[in-house]
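So the chains spell out like this:
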Amino acid sequence: MESHAMTSSSLDRFPDELIRHILLYVSPEDNVLSVQPVSRRFYHIANEPLLWRYLCRNSFTFWKPEHYFFAKLSDPRPTTIEWKKLWLRRKGQNHLIKRLLDEILTTRYHQLKNIQRICRFGYDAKDFLLEQCHVDESHDDVLARRYYANSALDSIHRGMAVEVWSKCYETGTDPYSGLDRALGAFDLFVLHDQPQDLEYILSTLDTLAHRFLLEHPEHEIMSTRQKALALNRWLRAQNLMGMENEIVNYHNLRNCLLGHALSDDEHPSLPIISSAIFASVAERLGMSSACCAFPSHVHASVKAPPGMTLDGDVEEDPKAEPETMYLNPYKWDGEVTLDELRRALVELGWTQGSEVFLRASPVPIIILRTAANIKAATSRIQNLADRSGEPIEVEAKRLRAGHPDINVEAAKYASMWAELMVKPVSSVHWDHSLEAFLHSFAMSWGEDAWIVRKYLLPLYEQFVASQPHVRNRAGWENVREILNMLDNLDRREAVVTRRWTQEMQERVRYRIGQVFRHKRYGWIGIINGWAAGSAGLPVPHYLDGYEDEVQSPTTSPRSSGDRLHSEGLGLRPQLARVFYTCMSSKRPRIDRLRVAQNSIEIITDPDLIPESLKFLAGKYFKRFDRETCTFISNIKESYPDD
């Protein structure tokens, strides 16, 4: 008691200003637990709003938009905001997110539900998840922790992207505004732990506009035409348009992404992205600019201000359509004339209705065009599969972060989302891509169920209600049914599979976590399930040799489909035949591919395992043991003997 009194007494001699400065270096937790109880004076100083404003700003980098955090930072009356309450709320959220992640790592029961609960915190969860994405190798569950933190973070990013696209047809929305956000949303599907999110893209475009003004002090006396041409020349001089060696590089995946074009050292971009960069910066400079979805090559357009010409003169006919100029930022510094564009349309075979290509295109049209470009890029990559490892194949799918094969799947998934969100639901063709989307979503992106439920399900129900002829929609064409299937799988208790007998142990030669090469096809796999006798394989799973056929969650591996597969190979169906499920380097997002025991050749060289497969292994395994070349199981609740 006397020692505490002496300490308190000596501290009381410190002036308030010095104590305030010291508290800037005290953790918020120590502030609450150790500083505030010292005395009434210390309690008041340690609770001052400006201190907690500082602690909020330095404790957390990312904030949900609903907080209006950055607007609050510039509020002229910062002492009226409950900064400590805001900090405590974020801290409490992090505790809950940690508990949910720990549950995810402990059991597969309600795993998807817990991931989705984390995702609903949005950017408030990002700081904690980023820490978990980079946990040290010394963690016992390093692979699992990194995998599920990345999965939740990626899903949050995808939710933000879909939200952007969902607003395209909101009442009162300008169909020509928000081009930068709409195209930047594609980057979010492959953002991972990188900083180039939507705010980065918007701030980079803001910076480009500011730099242009600084370097062109005469901009105020320029006509619209002069300013547009000057901007185009300047952006091209910054190497922000086009690409090097377009014959080889034109269809590379990164060329389709606005954020990559802005952040990549070489700034490669397709014509649509070059035009979007020009239009976005031009809009920030006060010009009326948009993309024109010209066939085969998107251009940029700039309209004269109301009542004026492009050259700064007063428009003689006030009722006339605004004068429009065209540019090809991808290739040319100068202006493209209307006659040149019309001649090009004739050469392309457009003799009627061609005027639509000379008008500014609404943002949804540019989104769909970008989605088509991404699909073309991913199809080309698939066609290059037989040239795996060659420079042309590596460059085709190289992005700034993430594993290339997973990025390709994510980009294709983004294009599917964009089509469903942007195409009018009133169209009879709205659901043409629905079956492929639901199949991809259910098999590879189940953590996005919260996004599907929030954004796609209402559109699906609108579509069904709008159809003149009611028909039964089941399976892969019914959104609600697929969501219910995933929910049911998530609620299932673990099915325990044991090696009860000596015979069982001898017949089932391999164990969970062993790495193998497929004897016939050569791909690398990691065993994550097995079945023999009365035991059943985990469901759903893909059938070996029939990757497009999925095993239903309601059937066993000894269904008629399985027997037909055996008979097709000339084999007599055997109920006791041994099968395994595995993660495969051939299809990285398909995590339960069925493989027969006699197709497995165990490998012991860790360097043969692709990095993408090591990352995805975290879905089922805690860590990797290089000495034994095996993954340590995190599914003991299903396979306790492995």
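In this report, the structure presented in the accompanying data block is examined. (Residues numbered from 1 in each chain as written. Predicted model: local features only at pLDDT ≥ 70, side-chain atom pairs only at ≥ 80, totals over all residues. Heavy atoms only, no water.)

Quick word on the overall build of the chain
Okay, step 1: What the chain contains, in helices and strands, is 26 helices and 13 strands.
Okay, step 2: Seen through its C-alpha atoms, the chain measures out along the principal axes to roughly 95 × 90 × 50 Å.
Okay, step 3: Of all 642 residues assigned to the chain, the portion counted as buried reaches 51%.
Okay, step 4: Considering only contacts in the chain between residues 6 or more positions apart, those separated by 24 or more positions represent 68%.
Okay, step 5: In the structure as shown, the chain presents an accessible area of about 30,900 Å², 52% of it carried by carbon and sulfur atoms.
Okay, step 6: When the 78 positive and 86 negative side-chain charges of the chain are each reduced to one mean point, those points stand 6 Å apart. (Helix = DSSP H or I, 4+ residues; strand = E, 2+ residues; numbered from the N terminus. Buried < 20%, exposed > 50% of the residue type's maximum accessible area, 1.4 Å probe, protein only. Contact = heavy atoms within 4.5 Å. Areas by Shrake-Rupley, 256 points an atom, 1.4 Å probe, with all protein chains shown as cover. Lys, Arg positive; Asp, Glu negative; His and termini not counted. Charge placed at Lys NZ, Arg CZ, Asp CG, Glu CD.)

A few points about the pairing of strand β12 (residues 621–625)
Okay, step 1: Here β12 pairs with strand β13 (residues 630–633) via 4 bridges, running antiparallel. Paired with Phe-624 across the strands is Phe-631, a residue of β13.
Okay, step 2: Linking β12 back to β13 in an antiparallel pair, the connection comprises 4 residues, with Cys-629 at a positive phi of about 55 degrees. (Pairing = 2+ DSSP bridges.)

Re the packing of aromatic side chains
Okay, step 1: With the rule as written, the count across this model stands at 25 aromatic pairs.
Okay, step 2: Considering the side-chain rings of Phe-621 and Phe-631, the 5.6 Å spacing of their centres and the 45 degrees angle between planes classify their relative orientation as tilted. Of this pair, Phe-621 sits in strand β12 while Phe-631 sits in strand β13, and the two are 10 residues apart along the sequence. Accessibility classification places Phe-621 together with Phe-631 in one group, the buried group.
Okay, step 3: With centroids separated by 4.6 Å and ring planes inclined at 45 degrees, the aromatic side chains of Phe-624 and Phe-631 adopt a geometry described as tilted.
Okay, step 4: Residue classification places Phe-631 among the buried residues on the basis of a relative accessible area of 2%.
Okay, step 5: Pairwise contacts between aromatic rings join Trp-165, Phe-186, Phe-189, Tyr-413, Trp-417, Phe-437, Phe-441 and Trp-445 into one cluster.
Okay, step 6: Geometry around Trp-63 places Arg-90 over its ring, the cationic atom sitting 4.5 Å from the centre.
Okay, step 7: A cation over an aromatic ring shows up here: Lys-586 above the ring of Tyr-521, its NZ or CZ 5.2 Å from the ring centre. (Phe/Tyr/Trp six-rings, centres within 6.5 Å; stacked < 30°, edge-to-face > 60°. Lys NZ or Arg CZ within 6 Å of the ring centre and 35° of its normal.)

Regarding helix α16 (residues 271–284)
Okay, step 1: Given a rise of 1.5 Å per residue, 14 residues ought to cover 20 Å, and the 20 Å separating the end C-alpha atoms of α16 matches this to within 8%.
Okay, step 2: Within α16, 12 of the 14 residues are buried, leaving the element largely enclosed by the surrounding structure.
Okay, step 3: Among the residues of α16, those classed as buried are Pro-271, Ile-272, Ile-273, Ser-274, Ser-275, Ala-276, Ile-277, Phe-278, Ala-279, Ser-280, Val-281 and Ala-282.
Okay, step 4: Once α16 ends, the next one or two residues include Gly-286, with phi positive near 90 degrees. (Expected span 1.5 Å × (residues − 1).)

What to know about the side chain of Arg-225
Okay, step 1: Structurally, Arg-225 is set in helix α13 (residues 224–237).
Okay, step 2: A distance of 2.9 Å separates a polar atom in the side chain of Arg-225 from a polar atom in the side chain of Glu-335.
Okay, step 3: Excluding anything up to four places from it in sequence, Arg-225 contacts Leu-310, Asp-311, Glu-323, Met-325 and Glu-335. (Polar contact = N/O pair within 3.5 Å; in protein donor to acceptor, adjacent residues only side chain to side chain.)

Observations concerning the pattern of salt bridges
Okay, step 1: On inspection of all chains with the given rule, the structure shows 40 salt bridges.
Okay, step 2: Across the pair Glu-447 and Arg-158 runs a salt bridge, and its minimum N-O distance is 3.3 Å. Of this pair, Glu-447 sits in the loop between α21 (434–444) and α22 (449–466) while Arg-158 sits in helix α10 (residues 142–166), and the two are 289 residues apart along the sequence.
Okay, step 3: Measuring nitrogen to oxygen at the nearest pair gives 2.9 Å for the salt bridge that ties Arg-499 to Asp-642. (Salt bridge = Lys/Arg side-chain N within 4 Å of Asp/Glu carboxyl O.)

Describing the packing of helix α18 (residues 363–383) against helix α20 (residues 404–422)
Okay, step 1: Running from N to C, α18 and α20 cross one another at 150 degrees; their axes reach a closest spacing of 9 Å. Put simply, α18 runs roughly antiparallel to α20. Both α18 and α20 take part in a crossing whose hand is left-handed. For the pair α18 and α20, the contacting residues are Pro-364, Ile-367, Leu-368, Ala-371, Ile-374, Lys-375, Thr-378, Ile-381 and Gln-382 in the first and Val-408, Ala-411, Lys-412, Ser-415, Ala-418, Glu-419 and Val-422 in the second.
Okay, step 2: For the contact of α18 with α20, the per-class residue count stands at 10 nonpolar, 3 polar and 3 charged. (Axes fitted to C-alpha atoms, helices over the stretch in contact; angles between N-to-C directions. Parallel < 35°, antiparallel > 145°, perpendicular 65-115°, else oblique. Left-handed = near helix turned anticlockwise from the far one by under 90°. Nonpolar A, V, L, I, M, F, W, Y, C, P; charged D, E, K, R; others polar.)

Quick word on the sheet that holds strand β4 (residues 335–336)
Okay, step 1: Taken together, the 4 strands give an open sheet; going across it, the order is β1-β2-β3-β4, and neighbouring strands pair in antiparallel fashion. Strands with a single pairing partner mark the edges of an open sheet, and in this sheet they are β1 (288–292) and β4.
Okay, step 2: Taken together, the 2 bridges between strand β3 (residues 324–327) and β4 define a ladder with antiparallel strand orientation. Along β4, the bridge assignment pairs Leu-327 with Glu-335.
Okay, step 3: Along the sheet face, α13 touches β2 (299–303), β3 and β4 and points at about 10 degrees away from the line of β3.

As for empty space enclosed by the protein
Okay, step 1: What the rule picks out here adds up to 2 cavities of 30 Å³ or more.
Okay, step 2: In this structure, the largest cavity encloses a volume near 60 Å³.
Okay, step 3: Taken together, the residues of the lining of the largest cavity break down into 5 nonpolar, 1 polar and 3 charged.
Okay, step 4: Lining the second largest cavity are Ile-104, Leu-105, Thr-106, Thr-107, Arg-108, Gln-111, Tyr-148, Lys-619, Tyr-620, Asn-634 and Glu-637.
Okay, step 5: With 3 residues, the top contributor of residues to the lining of the second largest cavity is helix α7 (residues 83–106).
Okay, step 6: Among the residues forming the lining of the second largest cavity, the class breakdown is 4 nonpolar, 4 polar and 3 charged. (1 Å grid on protein atoms, 1.4 Å probe; cavity = no way out; pocket = protein on both sides within 12 Å on 5 of 7 lines; lining within 4 Å. Points joined across faces, edges and corners; volume = space filled by probe spheres on them.)

As far as function goes, none of this settles anything; it's purely spatial.
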